[in-house]
Each structure stands twice: as structure tokens, then as C-alpha cells.
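Listed below, chain by chain, are the residues.
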Amino acid sequence: MRVPQDPPPRPPRAPRKRRMSNKGRIAIIVTFAVIVGFFVSARGIAGFYTDYLWFDSLGQGDVFKGILGAKIQLAVIFTATFFVLLYANLFLAGRLAPKFRATGPEEAFIERYQQAVGRRTWLVNGAVALLFGLIAGIGVSGQWQQWLLFQHYKSFGIKDPQFDTDIGFYVFRLPFLTFLVSWLFASLVIVLIITAVAHYLNGGIRLQAQGRHVLPYVKAHLSVLLGVLALLKAGGYWLQRYQLTVSARGVVNGATYTDVKAQLPAIYLLILISVLAFVLLIVNIWQRGWRLPVIAVGLWGLVALVAGAIYPTVIQRIVVQPTESSKEEPYIARNIAATRAALGIDKVETQPYTVGQLDAAGVKADSETVADSRLLDPSSSASTFQNLQQIKGYYTFNDIDVDRYKVDGTDRAVVIAARELKSSDLPLNSWEGRHLGYTHGYGVAVAPASKIEANGTPAFVDLTKPGITGIAVTRPEVYFGENLESYAVVNTKREEITLDLNRQSETTTTYQGTGGVSMGSTLKRLAFALRFGEPNLVLSNLITPESRILYVRDVRDRVKQLAPFLDFDANPYTVVLNGRIYWIIDAYTTTDRYPNAQTAETAVLPGNSGLRHSFNYVRNSVKAVIDAYDGSVNYYVVDDTDPLIRSYRDQFPKLFSTVDQAPAGLVDHFRYPEDIFNVQTTMWNRYHIDDPNAFYAGTAAWNVAQNPPRTQDEANATLSTTNALGVVRTKERRVDPYYTLMRLPGSSTTEFLSLRTFVQFSEDDTRKQLVAFMTASSDPKTYGRLRVYQVSDPLPFGPALVASDLSRRFADDLTLLDSNGSKVIFGDLQLLPIGSSIAYVRPWFVQATGNTSVPELRFVSVTIGEVSYKGRTLDEAMASAFPGTTFDFGQVVPTGTGSGSGTGGTGTGGTGGGTTTTTAPGGSTTTTTPKPPSGSVEELLSKANTLLSKAEADLKRTGDLGAYQAAVREAQALVAQAASLITGTTVKPATSSATTVPSTPPTATGNTTTTASA
């Protein structure tokens, strides 16, 4: 039998693959996470980068870095503070952990935790502290503005009467200090909770053990933390004292009787209780149990409820309300003084104005003021500009403004608007067309506000005529304007579409400016492609290294993004200076911390106004000026007495310029802003009262005058409100301020100013007599001067009563004009102080139904005393008021000598006697005067009847009131000629200075109508 041998050797094993180490796995995971995070956040990174490029392109990279630096500084400081607080307490909790833990039901859980953590306790503590630190610290970056103001404190030079502290402390220091104490208190509460959990996990706290639940040294640790919380609460109460100066508890804002006599002592008591609680908590370290902390907290809660809430309420109800006027008198006086100073109405000049009888001599003596009364205003001119000056369908006028320029060598109020790009109506709607081809608007349209063509349309200044100065534009392209949300790429291989105004046709141009950001690198093109979500910015071969991208092109967004700490007016306005087009936007500094000042009423402001928020201090300290061609922005400081703007100048010295650095002539176009004048006049309703008792009674209060409706539809509409008691009251909209050229009573010079009227206060708007009017000067020498003219008894009509009288007195004319496919649109109702009297002037426009119809000035009404008059022109209206006197205010451009509309558009009107004026497409005007009619009396009357019959039929068919009126005038001329043949003397056509159309709709036969006219 074979002897078995040793088993054969095993074949060699294949080498085992090395497993990836934990570090390798972690590296792969981290790399993958970074890549995913980059793609997820790539657009945000691109936005951040292109934001910096935008700031840098404007030469304001320091602003971007300053704001970013303040945010990072705050986030780092507060994250680090929280991290240190929490980590130190967690470290201390670990050091105080017992070496031997008592056994109990919780031991198994804690043992598993200790085994899991092991020697990595420091890492866990650090991770927890960092996580909570980031949560608590990063959000603090939103306080960057308060932080910068805190660092750049400025004194107001005025102390509040309650605490004898400079107002600068309330505005610059108090907001951030209050936030800091609140943040520390909330952070320490979180630290206390997490520290208690750490003690539990370390075995220092046992919830289910018998005997002591908290070890002595743990109790000492927690007691100290609670004691610090008590001290922070005391600090919060100390700062809360100053908050009483903006209290809204009393009859006015500020520290009133209850705040001073009840709330303030209660706060002092709460400070004392908080300090006492701190002492009890420290003493509790050496006491058994938690009796002293419970007593401290209970005592604090009781005092806070009784002294802090119940006691002030009782004082207000029992002591103050029965004799409120006498108790609150000194505090109302504080409020009046503070509100006037804070809102800039402390230097209002008030003077009485006695309204006397107006005569023709007084009108002629003050003919300059009358001649400057505006026939055009932004509201009534909007569709006229759009239809007569649009030129191309992709241009639009977003806003019409009133300013002053020299026209024919004389200072005139003008209506002016920039012709801007309308992106939604481009003929080429491709990416190339929207962003490379059609990139800008073109030029401005200008018309004197107090002049019209004979056909009732604006006398547009022909800017293409040689010799035009002041308003002439040599750089007409408008790359930056209102409502421009898209971007444009210029200096590309694709030429831009622009306008040849002389030919009113399209041509091409190439951008010559340095505005925008260069796209000279692939990185920038990629960043912009990510920002706008548009790959063509990378792929298009039309973009070259010399190309530039223009973005943030809306002027309000532009100035707000560059200076986010300022508030901006709702109405940017256009200015032409040295051949360039600029936008001017008024900027404001505001705060809601001015002691004892009343919160401003802002409901009267437009929805897009930067002042639509809570504030009790405001200054128009800055004029922001934007070049419409290159987008450059300059902030000119016009009020360097404002502490807030002085602080911002310290923070961003390169951002602001002095007003002396503005281009020559620019200051002449600064206007007193609408939004602040709205606020000031609204607050002046009550704050014109000096006496606290009269202020409290409210019997001497005013209201801004009710707004006269612009159409008959508005006039017939009723707006009602129902209060909590079910009482229905009507509230009318308030009249808006308007700009005008005017010579004020007692002045020898004409000023460009804003004006707003007041009536006596009535809860239901029944009192509509004029009681006063306020003006704000926009002239450089008297800029910002506020004057109030208080009217003496008997009070004249206010604007609403004037409008009502017009509707009643000329009801037949309004009925005729507001029918057959047309409507009446009223212009601004303007108050004119003439001599020692008051007159109101209001233009009437008639517009046919349809988007392309042009409102034509049909009448001008004049109201003197309680009687209204009407004529085709202001001359005729005044002649109706003063029969036998002729006037020539020069408001109608002589036929054939108009400035020229500069665009297409035709219209008909007349000067009587069959004269017809036509506006040609080039803007010139042609007048045709028919030869005197010839024939017998019967032939003339027959022609008149035929003419009227045809006109009546055409009116019913087309609704063209202009043609109907022209036919009536021609018929009147025929009738007058017939009468001349009968009498042998010259008879003028039968017309009225009050009206040029029949007062009733034409329903009778031609013979009847002709006889009535004759």
C-alpha cells in the first residue's frame, strides 16, 4: 500500500486589493461636495462678481468693499463672540464633570454617549459652538448700516428735554446698543440651555436620581450665567428709558405724561429688581436649593406686570384722560417743537394774505404771473407727447416733468420728457435685436407749459432748428432711464439702431462712451452669462473684446444699489445741460429715532416712493445725477448741516461731492422735491399750530385741499368709508403739489416753486373754503424757502368748490363735450395770487375716444371770487370776466410762427371766422383764410344751413367735435355776412367769449340753429 506523502503545496493567493482608507473616502466626498456646491452656487458667485464689476465701473469699488467689509466684520465678531461664550462654558462643563457618577436609570444613555465621544469631546464642543455661532452671527450682518452709523457718530447740537442727551446718541448709538444688548441676552439664554444639557451628559445633573439633582459646582456655574442674564436685563431696561422718547402711547408721539410719571419710575424699579436678582443668584451659590432664584424671578415678573404694565395703564386712564389737555400740555409743546425741527418745517415763514376785489387793472399789473399760468401739465400731456412725439413705436415717454428753461430768451416753465426705449414693442424681438440692436432711446420732447398752438396742441420746441440754445441736445442717446430692466451690449459687430430726428427715420450708430463693464475676458463673459442666464453672451461672435455691457439701467435702481442707505424720490426728472441729457433724483436721509417727534404721514405718497416707510426725521440732503448716455452717477450734497449725510460722507468719502463741484448750470435745474413737500404740507395741517391747547383741541387744524377731479367720471364717483361705529363718511383725495412760475405777493421777481393749498379741517370733508397755501422755492438763491400765506375771512373758494362751480355753470358744454365719443380732461387747477386777490386758472382738453387721439386744449376757465368764466384762450376768459377790456398774455403761438412740433400729427382748430390751422408732419403750421363769402342773403343763409346740416350728420357719425366747431364758426361767418347785407353795416360773426359751440346738442334743423346763431 502506498505510503501517503505530504499534501501538495497550496497555489499562491492572488494579492488582495488595498481597501481605500477613510481619509481617501473623505477626500472624495469632500471633492464631490465642493463640485456640486460650486455648480449650485455658480450663479450667486457670478452675481457677486459682476456686482463688484458694476461698482468698480462707476469708480465706487470702495462702496462695495465698505458695505461688504462691514457685513463680514459684524458676522466675524458676533460669530466669534458666540463661539467663545459657548465653547468656554462647554469646556468648563467638561472640567466640572464628576469623576464618579451615581448609578440610576439615566446612566445607560450617558454611558453610550461618553463611549461615542471618547477623547473627541473638544472636537464635539468646537463643532457645536461653531454651528450655533454661525447661526447666531451671520444674520447680524444685516445690521451693517446701524454698525457704520455707530462708528461714525455725529452730534446734532440739540439735546432732548427729558434726558438732556444729544439727539445724535438716539440716532447713531442707541439703535445698535439696543440690538447688542438684545443679542447678548438671547445668545446667553441659548448658551445657558446648551451648557445645562452638557452638564446633564457629563453627569452633573440627574433628573431621576434621589437626593441632589444638581451638583453644587454645576449649580454655581448655572447661577453665574443666570446672574449675567439679570445684569443684561438691567442694561436693557437702562436703554429702554431712552425709547420712551419715541413712545406712541399718548396723544402725541414722544415721552408724554404717563411715560414720564409712571413708565419711567417703573423702569427704574425694574432696573433695581434686576440688580437684586443678580445678587440673589450669586448668593444662591452657597445656598441649598433654588429658592432664591425662584424668588428673584417671581419678584421680577410681579414688578414687570404691576409696575411695568398695569400701573401706567391705570395712570393713563384715571389720572391723564379726565384732564388730558392740561396733563399733556408740556409734552405736546415738546412734540410740536421736535416735529417741526425733524421734518424741516421749523423755519416756515407765515404771513397773512387779505383777499380783496380783483379788477382788470390788477390783472394787467400782474400780467406776468397770469401769463405764466400753465396750460400744460404732466397728467394732461402724457397722451399728447406719446401720440405726437413718439416717432417710432418702440419709443415711449414714461414720465412728463415740469422744469424751467430759457425759451426765446425768456425763462419759461416747460414740460419735458425723454424719449425712452420701449423694450416690449421692438420690431426685432430676437436676442440680437433686444440686446445688441435696439439699445437706447433718443432725445427729448419739450414744450412751453404756458403756450399752445392755435389748434390746441402743445407748441413743441423744434430742437432741430439752428440757434436753439439751452435745450439743444448734442448727445441724444438715452441708454439709462426709467423702467429699463434689460441689459444692452454695445461696441459689438452689430451696429445699433438709432434715430435721425431731421428725417425722422432710422439710422445706425456705435456707442462712444465708457459706461458699463468691459467684456474683454472669457471669465467676464461667462460670469455675465451665468448672471443673466444667457449663453449667447459667451457664444455670440458679434461680441468683441472691446464690447461693453450696460446693466442696472433703471435710474432709480441704479442710485439705490449704489447708495442703499439713502431713500429716493418717486419721480426722477429729465434735465438737458450742455447738450447732454441727465436724470436728477432727490435723495433723502431718514430716521425714526428723533426724540419726541411725530411719525410722518406717508399714505399720501406714491407707492414707489422711497419715503413710504416709518420715519420722524427727514432731510433732502442729496441730489443724485445720472448721465443718460454713459450711466455715470454723482451724488451732490446740498445740505451739509444734516448729521446723517455727514456721517455717510465719512463712511464713503469718494461717493459724495459738494454742490460746488456740480457742472455749471445744473443747480439751476434743482427742484424742491415732490415727496418731501407732500409730507411737509400734510404734517403742516396740525403743526402750524403753536399753542399746545389749541393743538389738542384741533379746532384750528387744516386739511390739504380736496383734489378737483380731472374728468367727469371722477367728479361723479363717490368714495365712502365706514368706521367701527357704522358711520359712513366720504373721504376725497388730496390735491397734489404742482410746479409753476409765479410772482408771490410782495415779491418783485418771478420764482419757480411748488404750491399746495389748504382748507379748514372737517372729518367728512364738507369744509372746502381756501384757508391758506404753501409754496416751496426751487430758485437757486432761495432754494427750499417755505412760505405760507394764510387767507383772511371771508374765505374764498377752495379748489374743490371751484371745480364744482365749473361743472355746474358749464354743465351744458360739459354734457356736449363729454359725449359722442369724446371726453373732457381738465388740467391742473392753479391758484394765482394776483395783486391782493386770488384767481384760479384751469385748462380744458377734449380727447376723442381711441388710443391715437390727441387731447386738444378747447377752453381755459378763470374763477374770480365765486364766479367762473370760460374762453377759448386765457385772453378770452379774462375778457369775459372783465367786459370791455382786452388782454394779450401771449399764450397762443401766432399762426404760422409756432415752434414746430418736430413730429407727425395733425389737428384742426380755429381762430374764428372760418380760419383753419393745420400742423404738417414736419411740424410747421399752415393757415388758410377763406375769401369773404359772396352772394345774396338767401344764398348765404342756405349755405349756412347746408353746412350745419352736414356738420350735424358728421358729428353723429364720427364724433369729431373739432370739425363740428369749425363748421359752426364758418356758418356764423356766413350768417354775419348775410346780416351785413341786410343792415348795410359790418356785423361780426356771432360768437361768445364763454363758448364757441352751441350749449345744447344739435338736434334741431339747420334753419333753427342758424337763426339762433344770428
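Our structure's up above, just so we're on the same page.
This text gives an overview of the structure that appears in the document. Please read these numbers as outputs of a predicted model, since none were measured by experiment. Residue numbering note: each chain is counted from 1, following its sequence as written. Totals for whole chains, interfaces and linings use all residues, but because this is a predicted model, local features are given only for residues with pLDDT of at least 70 and pairs of side-chain atoms are given and counted only at 80 or more. Where side-chain values are given, they derive from all heavy atoms of the structure, hydrogens and water being excluded.

We now examine the overall build of the protein. Helix and strand counts for the protein come out as 27 helices and 33 strands. Only protein chains enter the accessibility calculation, which uses a 1.4 Å probe; a residue is then buried when its area is under 20% of its type maximum, exposed when over 50%, and partly exposed in between. Sorting the 1014 residues of the protein into buried and exposed places 51% on the buried side. On the protein, roughly 46,100 Å² of surface is accessible, and the fraction owed to carbon and sulfur atoms is 57%. Each helix is a run of H or I in the DSSP string that is no shorter than four residues. Each strand is a run of E no shorter than two, and both are numbered from the N terminus. Per-residue and other accessible areas follow the Shrake-Rupley method at a 1.4 Å probe size, with only the shown protein chains counted as cover for residues.

Aromatic rings from Phe, Tyr and Trp, taking only the six-membered ring of Trp, are treated as a pair when their centres fall within 6.5 Å; an angle between ring planes under 30 degrees marks them as stacked, one over 60 as edge-to-face, and anything in between as tilted. The final tally for this structure, using the stated rule, is 50 aromatic pairs. An aromatic cluster of three or more residues is present, and its members are Phe78, Phe82, Trp147, Phe150, Phe176, Phe179 and Trp183. Above the ring of phenylalanine 695, the side-chain terminus of arginine 686 is found at 4.0 Å from the ring centroid. Charge-over-ring placement is defined geometrically: NZ (Lys) or CZ (Arg) within 6 Å of the ring centre, and within 35 degrees of the ring normal.

Here we come to the environment of alanine 186. Structurally, the position occupied by alanine 186 is in helix α6 (residues 167-202). Along the chain, alanine 186 and alanine 136 lie 50 residues apart, while their C-alpha atoms are 9.4 Å from each other.

Orientation of helix α9 (residues 291-320) relative to helix α10 (residues 324-342), taken along the N-to-C sense of each, is 120°, at an axis distance of 9 Å. As far as their axial angle goes, α10 and α9 are oblique. Across the interface between the two elements, Gln316, Val319 and Val320 from α9 touch Glu324, Lys327 and Glu328 from α10. Lines fitted to the C-alpha atoms define the axes, with helices restricted to the stretch that makes contact. Angles between their N-to-C directions range from 0 to 180 degrees. The cut-offs work like this: below 35 degrees is roughly parallel, past 145 is roughly antiparallel, 65 to 115 is roughly perpendicular, and the gaps in between are oblique. In what follows, residue pairs with any heavy atoms lying within 4.5 Å of each other are defined as contacts.

The subject of this paragraph is the sheet that holds strand β3 (residues 401-407). Sheet strands associate in pairs through backbone hydrogen bonding, adopting either a parallel or an antiparallel arrangement. If you walk across this open sheet you meet the 3 strands as β3-β4-β7, and the pairing is antiparallel. Strands at the two margins of the open sheet, each flanked by one partner only, are β3 and β7 (444-448). Between one strand axis and the next, the sheet turns by 40° as a mean value, whatever way the strands run. Any two strands with at least two DSSP-identified bridges between them are counted as paired. Both β3 and strand β4 (residues 410-418) contribute to a ladder of 7 bridges, which runs antiparallel. Looking at the pairing, lysine 406 lines up with aspartate 411 of β4.

By size, the foremost hydrophobic cluster in this structure holds 113 residues, and its most contacted members are Leu566, Tyr635 and Phe656. It is α6 that provides the largest number of residues to this core, a total of 13 residues. Not counting residues within four places of it along the chain, the set of residues in contact with leucine 566 comprises Lys560, Ala587, Tyr588, Thr589, Tyr635, Ile645, Tyr648 and Phe656. Only buried residues count toward a nonpolar core. Its members are Ala, Val, Leu, Ile, Met, Phe, Trp, Tyr and Cys residues joined through side-chain atoms within 4.5 Å. In this structure, Ala360, Ile400, Ala447 and Phe859 belong to the second largest nonpolar core, which totals 67 residues.

This part covers the packing of helix α7 (residues 216-243) against helix α8 (residues 257-283). Look at α7 against α8: their axes get within 8 Å of each other, and the N-to-C directions meet at 165°. Judged on the interaxial angle alone, α8 and α7 are roughly antiparallel. Judged by the sense of rotation from one axis to the other, the crossing of α7 with α8 is left-handed. Along the lines of polarity and charge, the residues of the contact of α7 with α8 split into 18 nonpolar, 4 polar and 2 charged. Here is the rule for handedness: rotate from the far helix to the near one, and if that takes an anticlockwise turn smaller than a right angle the crossing is left-handed, while a clockwise turn gives right-handed. Only Asp, Glu, Lys and Arg are considered charged, only Ala, Val, Leu, Ile, Met, Phe, Trp, Tyr, Cys and Pro nonpolar, and every remaining residue, Gly among them, polar.

The pocket and cavity definitions rest on a 1 Å grid over protein atoms only: a 1.4 Å probe that fits but cannot leave marks a cavity, an open set with protein on both sides within 12 Å along at least five of seven lines marks a pocket, and residues lining either have an atom within 4 Å of a point. Grid points are joined across faces, edges and corners, and a volume is the space filled by probe spheres set on the points. Computed from the structure, the largest pocket encloses a volume of approximately 750 Å³. Looking at the largest pocket, it is lined by 31 residues, and the ones nearest its centre are Gly344, Arg619, Asp639, Thr641 and Gly784. With 5 residues, strand β17 (residues 617-627) is the single largest residue contributor to the lining of the largest pocket.

As a further point, take the sheet that holds strand β13 (residues 548-550). One open sheet holds the 3 strands; their spatial order is β9-β13-β12, and the pairing between them is antiparallel. In this open sheet, the two strands that pair with only one neighbour each are β9 (488-490) and β12 (517-518). In this structure, β12 lies alongside β13, joined through 2 bridges in antiparallel fashion. Pairing of serine 518 across the sheet is with arginine 548, part of β13.

Side-chain pairs of opposite charge can arise whenever the charged atoms involved come near each other. Criterion for a salt bridge: a side-chain nitrogen of Lys or Arg within 4 Å of a carboxyl oxygen of Asp or Glu. Going through the model one piece at a time under the given rule, you end up with 33 salt bridges. Residue aspartate 62 pairs with lysine 654 through a salt bridge whose shortest N-O separation is 3.1 Å. Of the two residues, aspartate 62 is situated in helix α2 (residues 61-95) and lysine 654 in the loop between α18 (643-651) and β19 (656-658); the sequence distance between them amounts to 592 residues. Between arginine 743 and glutamate 368 there is a salt bridge whose closest N-O contact spans 4.0 Å. With arginine 743 in the loop between β23 (738-742) and β24 (751-760) and glutamate 368 in helix α12 (residues 367-371), the pair connects residues that are 375 residues apart, well separated along the chain. Relative accessible area serves as the criterion here: at 41%, glutamate 368 is assigned to the partly exposed category.

Mapped onto the fold, lysine 943 is located in helix α25 (residues 937-958). A sequence separation of 27 residues divides lysine 943 from glutamate 970, and the C-alpha atoms of the two residues are 9.9 Å apart.

Examined against the element boundaries, glutamine 263 turns out to sit in helix α8. Those residues in contact with glutamine 263, other than ones at most four positions away along the chain, are Leu244, Arg249, Thr258, Gly308 and Pro312.

Attention now moves to unusual backbone geometry. For the bond from aspartate 793 to proline 794, the omega torsion is -5°, close enough to zero to count as cis. Mapped onto the elements of the fold, proline 794 is located in the loop between β26 (786-791) and α22 (799-809). The backbone of asparagine 483 sits at a positive phi, close to 60°, despite the residue not being glycine. Turning to its location among the elements, asparagine 483 is positioned in the loop between β8 (477-478) and β9. Among the residues examined, asparagine 483 registers a relative accessible area of 55% and is labelled exposed. Here the phi dihedral of aspartate 765 falls at roughly 65°; this positive angle occurs in a residue that is not glycine. Take aspartate 765: it is sitting in the loop between β24 and β25 (770-777).

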